[in-house]
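Topology and contacts: notes
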Amino acid sequence: MAVDAPAGMDGGAIEVLAAGDLRGEIKPCGCSPEGQMGGLPRRLSALAGRVAKAAVAPLVLDLGNNFPLPSEQGRLKIELIRTLLARFAPEAILPGPNDLALGRGALGSDLPYLVSNAGTAQGLLSQRVVVRAGLRIGLYGYLSPAEVYQGAHSDLQLEPVSAELLAHLRARIRAAAVQRSVLLFRGSDAELAQIVAADLFDLILVGNPSDDELHQQVERRVAGRTLPQVPTKGQGMLRIAWPLSGPPAPAQVDWLKDGVPDHPDAAAPFARYDEAVKALFFAALQGAGAPPDSPYAGAATCEGCHPAQQKVWRGSRHVQALPTLVKVGKQFDPECLACHVVGLGAGGFRSPELTPTLGGVQCENCHGPAKAHVREPGVHKPAYVPPQPIPGHGAPPVRSGPPVYGAVTAHPAAAAGGLLPSERTCRTCHMGSHSPTFDFNVYWPKIRHGRE
Ligand code: HEC
Ligand code: HEC
Ligand code: HEC
Ligand code: HEC
């Protein structure tokens, strides 16, 4: 007679918990209630909750691609991410392109990064065997060479999928005498189809290629099989019950919504991170004054000639955008300021003290830098502003797809050649999880001003 399984534990099953593709989204920004999913502090709570319930320690895996784009502030974030990843105690992490952007060294040496298709693994694991409920489980990783820059001097020389690689993996799985095998995969559907066809793995977990966190794809269908794919930007965690005697059940997703509390142990590392970001912000301002020849005039200068527009603006929430950051203690974080002030990294806002008139979202966020127009109202062209370094970030990144910061540097009004903005301008800030409910036909009437 079998003993009752503990509450919440499916008798005789192992639980697999997997996440990844954080891409620097360490915590929800707080911009919109609908967009507030995910974050490392919530994931730590969710994991701790599953561990507390389980009779057999869950198998925690990570699909990697967790680091942000390279920058000074990014380095601080990487440190924070590494600290929290260590707390999650994963059995294996597949390094992703973001993680390898700064080279092998940025991964640190204390986390179980694993990749099985590298010529020389450079101190990374190439296979790992763990035991759960008496079962030997082999862990493997495939990172497509197409995902990572592969120069002759790259740290990691990755091999593409081939009959030879698959035969090699088959031999290793056999030699390790494991009863179950798991692959962490990042690459294309074509590569995945070849691996699926080889039938080497009992469970394949896939990294997520999408950048659209509002429409999460949490499975990938390839060669007649449906494979679990981790949600992007840390918004959720895959949970898979794996009976000891059969194949894994379909994956569930635990979305890390508002109801999931921040784990108290995450508070200190986050406080250290915020302090370091603040120090970086002030270090970058050392000895700096106001931008000497800012093309921005500030909203007050428009008032005399455009009183009706000014009145609408004063009544809008855009005015409050900087106080909003002050309320949550993030007025020193360029990754927040980018959309909450005028012209960050484009000759505008530097700090509330140096540029007191350029806080908040103002006329010139939408109409473009208009100092020339203020001097000479016949001028209906916003100034061209070459991108300038953002404190802690260096040059603003060239934009392709939704950026994390620098959202206001390439001004769409300038591209259109006049001072009149369009919906595209709104979407440089009202994007993704920062404004998931944005609909121009609903939002514009709230701040409408113009010809009528
Ligand atoms: C890509 C542009 C962008 C970035 C970057 C950004 N925000 Fe926002 N934020 C917005 C927009 C747009 C809104 C208004 C959203 C809406 O109402 O639809 C907003 C609103 C907010 C609000 C107001 C919520 C409320 O209802 O009162 C807070 C707080 C906030 N942001 C904090 C932050 C913090 C903290 C960061 C950095 C971690 C950040 N923002 C980064 C665009 C951005
Ligand atoms: C000295 C008066 C004056 C000031 C100051 C001024 N404007 Fe104007 N603005 C005008 C006049 C006059 C027009 C209409 C010109 C025309 O129709 O030829 C105009 C037109 C505009 C237009 C419409 C442009 C178009 O292509 O139809 C915008 C947008 C605008 N101003 C924005 C601003 C902003 C933003 C500021 C503050 C940074 C500002 N203005 C400051 C006088 C001013
Ligand atoms: C430079 C970034 C930026 C641009 C460009 C921008 N917004 Fe916003 N918007 C914000 C931020 C930040 C907030 C939140 C301010 C706060 O509450 O502190 C916001 C809030 C709003 C709100 C208030 C939301 C609510 O539910 O009441 C409306 C409406 C809005 N924006 C409309 C627009 C429209 C329409 C456009 C384009 C014509 C636009 N915004 C362009 C950053 C921007
Ligand atoms: C959130 C974005 C946003 C902000 C902030 C904003 N505007 Fe506008 N403004 C627009 C849009 C969009 C239009 C309509 C463009 C059109 O009709 O094609 C417009 C229209 C105008 C026009 C009318 C142009 C015309 O000829 O009809 C003027 C003038 C103007 N804005 C001035 C201002 C001034 C001054 C401020 C600040 C006090 C301001 N705007 C703040 C987005 C903005």
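For the structure, check the block above.
Residues numbered from 1 in each chain as written. Chains lettered and ligands numbered in written order. Predicted model: local features only at pLDDT ≥ 70, side-chain atom pairs only at ≥ 80, totals over all residues. Heavy atoms only, no water.

1. Description of the nonpolar core
Among the nonpolar cores identified, the biggest contains 56 residues, and Leu61, Leu139 and Leu205 are the most heavily contacted of them. Per element, the largest residue contribution to this core is six residues, and it comes from helix H2 (residues 72-88). Core analysis: the second largest hydrophobic core is formed by 21 residues, Leu169, Ile173, Phe185 and Val196 among them. (Core = buried A, V, L, I, M, F, W, Y, C linked by side-chain atoms within 4.5 Å. Buried < 20%, exposed > 50% of the residue type's maximum accessible area, 1.4 Å probe, protein only. Helix = DSSP H or I, 4+ residues; strand = E, 2+ residues; numbered from the N terminus.)

2. What about the environment of Arg170?
Mapping Arg170 onto the fold places it in helix H4 (residues 163-175). Arg170 sits in the partly exposed class, given a relative accessible area of 35%. A sequence separation of 29 residues divides Arg170 from Asp199, and the C-alpha atoms of the two residues are 9.5 Å apart. In contact with Arg170, other than residues within four places in its own chain, are Ala198 and Leu200. (Contact = heavy atoms within 4.5 Å.)

3. Some points on the coordination of the iron atom of ligand 1
Protein coordination of the iron atom of ligand 1 is provided by Cys31 (SG) and His340 (NE2), with donor distances spanning 2.1 to 2.3 Å. Metal-centred angles of 88 to 179° between the six donor atoms at the iron atom of ligand 1 mark the site as octahedral. Taken together, the residues Cys31 in the loop between strand S1 (13-19) and helix H1 (40-53) and His340 in the loop between helix H9 (334-337) and helix H10 (363-367) connect sequence positions 309 residues apart. Given the relative accessible area of 16%, His340 is considered buried. (Donors = N, O, S within 2.8 Å, 3.2 Å for Na, K, Ca; no water. Tetrahedral: all angles 85-135°; square planar, octahedral: opposite > 155°, others 65-115°.)

4. Focus on the sheet that holds strand S4 (residues 128-132)
Taken together, four strands build an open sheet; the order of strands is S4-S5-S6-S7 and the sheet is mixed. The sheet terminates laterally at S4 and strand S7 (203-206), the two strands that pair on one side only. Direction aside, neighbouring strands of the sheet carry axes that sit 25° apart on average. With four bridges connecting them, strand S6 (residues 180-186) and S7 associate as parallel partners. Note that in S7 the partner of Val182 across the bridge is Leu203. (Pairing = 2+ DSSP bridges. Axes fitted to C-alpha atoms, helices over the stretch in contact; angles between N-to-C directions.)

5. Side note on the packing of aromatic side chains
Scanning the entire structure with this criterion turns up seven aromatic pairs. An angle of 10° between the planes, with centres 5.5 Å apart, marks the rings of Tyr142 and Phe185 as stacked. Taken together, the residues Tyr142 in strand S5 (residues 135-143) and Phe185 in strand S6 connect sequence positions 43 residues apart. Take Tyr142: its relative accessible area is 2%, and that puts it in the buried class. Ring geometry for Phe440 and Trp444: centres 6.1 Å apart, planes at 10°, overall stacked. In this pair, Phe440 and Trp444 are both assigned in helix H14 (residues 440-447), four residues apart and thus about one turn of the helix distant. The cationic tip of Lys27 hangs over the ring face of Phe270; the distance from NZ or CZ to the ring centre is 5.0 Å. One cation-aromatic arrangement involves Lys446 over Tyr443; the distance from NZ or CZ to the ring centre is 5.5 Å. (Phe/Tyr/Trp six-rings, centres within 6.5 Å; stacked < 30°, edge-to-face > 60°. Lys NZ or Arg CZ within 6 Å of the ring centre and 35° of its normal.)

6. Some remarks on the site of ligand 1
Taken together, the neighbourhood of ligand 1 is formed by 18 residues, with Cys31, Cys336, Cys339, His340 and Ser435 sitting nearest. For the shell around ligand 1, the secondary-structure elements that each account for two or more residues are helix H8 (321-327) and H9. Looking at the shell around ligand 1, its residues break down into nine nonpolar, six polar and three charged. (Near = heavy atom within 4 Å. Nonpolar A, V, L, I, M, F, W, Y, C, P; charged D, E, K, R; others polar.)

7. A short note on the coordination of the iron atom of ligand 2
The iron atom of ligand 2 binds to the protein through His306 (NE2) and His373 (NE2), with metal-donor distances spanning 2.0 Å. What the six donor atoms of the iron atom of ligand 2 show is an angle range of 89 to 179° at the metal, which sorts the shape as octahedral. With His306 in the loop between helix H6 (267-285) and helix H7 (307-314) and His373 in helix H11 (residues 371-375), this residue pair connects regions lying 67 residues apart in the sequence. Classification of His306 by relative accessible area gives partly exposed; the value is 35%.

8. What to know about unusual backbone geometry
For Asp21, which is not glycine, the phi dihedral falls at a positive 50°. With respect to the secondary-structure elements, Asp21 resides in the loop between S1 and H1. With a phi angle near 55°, Lys233 is a residue other than glycine that sits in the positive phi range.

9. What to know about the sheet that holds S1
Taken in spatial order, the five strands line up as S3-S2-S1-S10-S11 in an open sheet, and their pairing is mixed. Each of the sheet's edge strands pairs with one partner strand only, and the pair in question is strand S3 (92-93) and strand S11 (252-255). As defined by bridge partners, strand S2 (residues 59-62) adjoins S3 across two bridges and the pair is classed as parallel. Note on S3: the bridge partner recorded for Asp62 is Ile93. Against the sheet, H1 touches S1, S2, strand S10 (236-243) and S11, its axis set at about 20° to S10.

10. Considerations on the side chain of Gln235
With respect to the helices, strands and loops of the structure, Gln235 is situated in the loop between strand S9 (225-228) and S10. Residue class for Gln235 comes out buried when judged on its relative accessible area of 4%. Looking at Gln235, its side chain comes within polar contact range of the side chain of Gln216, at 3.1 Å. Non-local contacts of Gln235, meaning those with residues more than four positions away in its chain, are made with Gly35, Met37, Gly38, Glu213, Gln216, Asp254, Trp255, Leu256 and Ser433. (Polar contact = N/O pair within 3.5 Å; in protein donor to acceptor, adjacent residues only side chain to side chain.)

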